[in-house]
Amino acid sequence: MKITDTIAAISSAAGNSGIGIIRVSGDEAIEVVDKIFRPANKNKKLANVESHTVHYGHIMDGDKTLDQVLVIVMKNPHSYTGEDTVEIDCHGGMLILKKVLDLVLKNGARTAEPGEFTKRAFLNGRIDLSQAEAVMDLINSKNDFALNSSIEQLKGGVSDAIKDIRKDIIYHIAFIESALDDPEHISLDGYDEEITKMLNENINKISKLVNSFDNGRIMKEGIKTVILGKPNAGKSSLLNLMLGEDRAIVTDIEGTTRDTLEENINFNGLSLKIIDTAGIRDTEDLVERIGVNKAKEIAKEGDLIIYVVDGSRELDDNDREIIKLINDKQAIILVNKSDMDTVINIDELKKDSNRDVILFSAKNGEGMDQLEEEI
């Protein structure tokens with residue numbers, strides 16, 4: 001597919017900054033910029049320069065100087081889009097960027113559609129679809145894990161795995177066709193075992209790619225972390241402690257939290273989408289009961305559960321219901337109020353939940369380091 005028109009757009013973020021970038025790509029990109037760029041060496045034309053070189057000069061609107069700039073020339077096919085590409089590094093004021101872009105458009109380019117540079121890179125065979133997706137993921141990365149994952153995908157990590165599987169399958173298809181065409185010289189004896197082994201290996205590879213989807217989603221969107229517990233166990237206090245501010249209302253009155261409260265935080269390089277929920281208990285209060293049911297539904301969808309247990313009270317049926325709810329989930333159990341006399345039977349809690357517990361105090365922060373490590 002041959003694309004001939006030339007596109008241009010501001011490629012740096014909106015807002016004033018030290019530097020702003022205008023990207024021009026297409027068959028006439030160099031010619032368009034040549035019309036408005038006056039290099040310090042006035043006899044030099046961009047059409048005659050080497051690829052991947054930087055040139056100092058001015059953007060001119062007729063005899064009027066608009067800005068001092070650096071112009072980077074990248075000739076096809078060795079550019080992001082696979083086309084002739086020119087980037088104009090202006091000063092980063094939005095007014096000057098708009099004026100330079102308008103001048104580029106007036107001299108033969110058109111405004112690029114959203115994502116069109118990456119679209120052209122794909123259509124010109126510079127990147128595949130997984131790499132195109134990785135570009136946006138890289139831009140929107142919210143933590144180190146998402147950033148590293150996007151970089152690996154952009155380098156072709158996913159593409160290479162798929163190409164290896166495709167290569168295996170094509171080889172065996174060709175072998176079977178050759179054997180059918182020339183059965184006297186190519187034998188298929190015992191081949192069913194070989195091809196079965198190949199198929200099983202590649203099915204396992206594909207399964208691993210499919211199963212890694214949730215990990216990728218968590219890296220990009222954040223770990224859906226649900227705080228569960230009985231009323232007054234210290235769930236909202238934990239949320240406030242993790243956020244470093246009094247975001248949730250905390251009182252001694254049971255049932256204060258009746259609806260979910262969501263916050264996003266970066267926790268040791270991980271993005272957590274923390275959801276504080278209503279305390280789980282049997283109640284006759286209609287509004288509180290709706291909140292309790294909602295908490296149970298959200299817990300089923302959570303990636304991680306932090307179960308806050310009130311260490312100053314004995315385990316009861318509400319605790320046992322929560323333990324059953326988190327039975328097959330990734331979960332961390334905090335025994336809160338370690339700064340007070342501990343009444344709960346910790347050995348019973350460990351046995352019933354089949355998990356270790358962390359002694360914790362939302363009041364003075366005891367156990368916070370251990371919680372971070374466990375997350």
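## What to know about the packing of helix H6 (residues 157–181) against helix H7 (residues 191–211)
- The interhelical angle for the contact between H6 and H7, taken along N-to-C directions, is 160°, at an axis separation of 11 Å. The angle between H6 and H7 places the two elements in the roughly antiparallel class. In this structure, H6 crosses over H7, and the sense of that crossing is left-handed. On H7, the residues that touch Ala161, Ile162, Ile165, Asp168, His172, Phe175 and Ile176 of H6 are Tyr191, Glu194, Ile195, Met198, Asn202, Lys205, Ile206 and Leu209.
- Looking at the contact of H6 with H7 residue by residue, the classes come out as ten nonpolar, two polar and three charged.

## Some details on the pattern of salt bridges
- In the structure shown here, the tally under the stated rule is 18 salt bridges.
- Where aspartate 5 meets arginine 110, a salt bridge forms, and the shortest distance between an N and an O atom there is 2.6 Å. On the criterion of sequence distance, the pair formed by aspartate 5 in the segment before strand E1 (7–10) and arginine 110 in strand E7 (residues 110–111) is long-range, its members being 105 residues apart.
- When its relative accessible area of 30% is taken as the criterion, aspartate 5 is described as partly exposed.
- Here lysine 300 makes a salt bridge to glutamate 297, at a shortest N to O gap of 3.5 Å. In this pair, lysine 300 and glutamate 297 are both assigned in helix H10 (residues 286–301), three residues apart and thus about one turn of the helix distant.
- Classification of lysine 300 by relative accessible area gives exposed; the value is 53%.
- Here the residues in one salt-bridge network are Asp5, Glu83, Arg110, Glu116 and Arg120, joined through shared partners.

## A closer look at the sheet that holds strand E4 (residues 53–61)
- Spatially, the seven strands line up as an open sheet ordered E3-E4-E5-E6-E2-E1-E7, and their pairing is mixed. The strands lining the two open edges of the sheet, one partner per strand, are strand E3 (37–39) and E7.
- Pairing geometry for E1 and strand E2 (residues 17–25), over four bridges, is antiparallel. Residue pairing in the sheet places isoleucine 7 in a bridge with serine 25 of E2.
- Where helix H1 (residues 29–36) meets the sheet, its contacts fall on E2, E3, E4, strand E5 (64–74) and strand E6 (85–92), and the angle it forms with E3 comes to roughly 75°.

## Overview of helix H9 (residues 235–243)
- Of all nine residues in H9, seven are buried; the element is thus mostly enclosed.
- Within H9, burial applies to Lys235, Ser236, Leu238, Leu239, Asn240, Met242 and Leu243.
- For H9, the secondary structure elements touched by its buried residues are strand E8 (223–229), strand E9 (261–267), strand E10 (270–276), strand E11 (304–310), strand E12 (331–336) and helix H13 (368–374).
- Trailing H9 by a residue or two, glycine 244 shows a phi angle of about 80°, which is positive.

## A short note on unusual backbone geometry
- Residue proline 77 is bonded to the preceding asparagine 76 through a cis peptide linkage, with omega at 0°.
- Within the element layout of this structure, proline 77 appears in the loop between E5 and E6.
- Positive phi, close to 60°, is recorded for histidine 52, a residue that is not glycine.
- Relative to the helices and strands, histidine 52 is located in the loop between E3 and E4.
- We note that lysine 337 has phi near 70°; this positive angle belongs to a residue other than glycine.
- Inspection of the secondary structure assignment puts lysine 337 in the loop between E12 and helix H12 (346–353).
- What makes lysine 337 buried here is its relative accessible area of 19%.

## Overview of the side chain of histidine 172
- Residue placement: histidine 172 occurs in helix H6.
- Ignoring anything within four residues of it in the chain, the contact list for histidine 172 reads Tyr191, Glu194, Ile195 and Met198.

The rules behind the values
Residues numbered from 1 in each chain as written. Predicted model: local features only at pLDDT ≥ 70, side-chain atom pairs only at ≥ 80, totals over all residues. Heavy atoms only, no water. Axes fitted to C-alpha atoms, helices over the stretch in contact; angles between N-to-C directions. Helix = DSSP H or I, 4+ residues; strand = E, 2+ residues; numbered from the N terminus. Parallel < 35°, antiparallel > 145°, perpendicular 65-115°, else oblique. Left-handed = near helix turned anticlockwise from the far one by under 90°. Contact = heavy atoms within 4.5 Å. Nonpolar A, V, L, I, M, F, W, Y, C, P; charged D, E, K, R; others polar. Salt bridge = Lys/Arg side-chain N within 4 Å of Asp/Glu carboxyl O. Buried < 20%, exposed > 50% of the residue type's maximum accessible area, 1.4 Å probe, protein only. Pairing = 2+ DSSP bridges.

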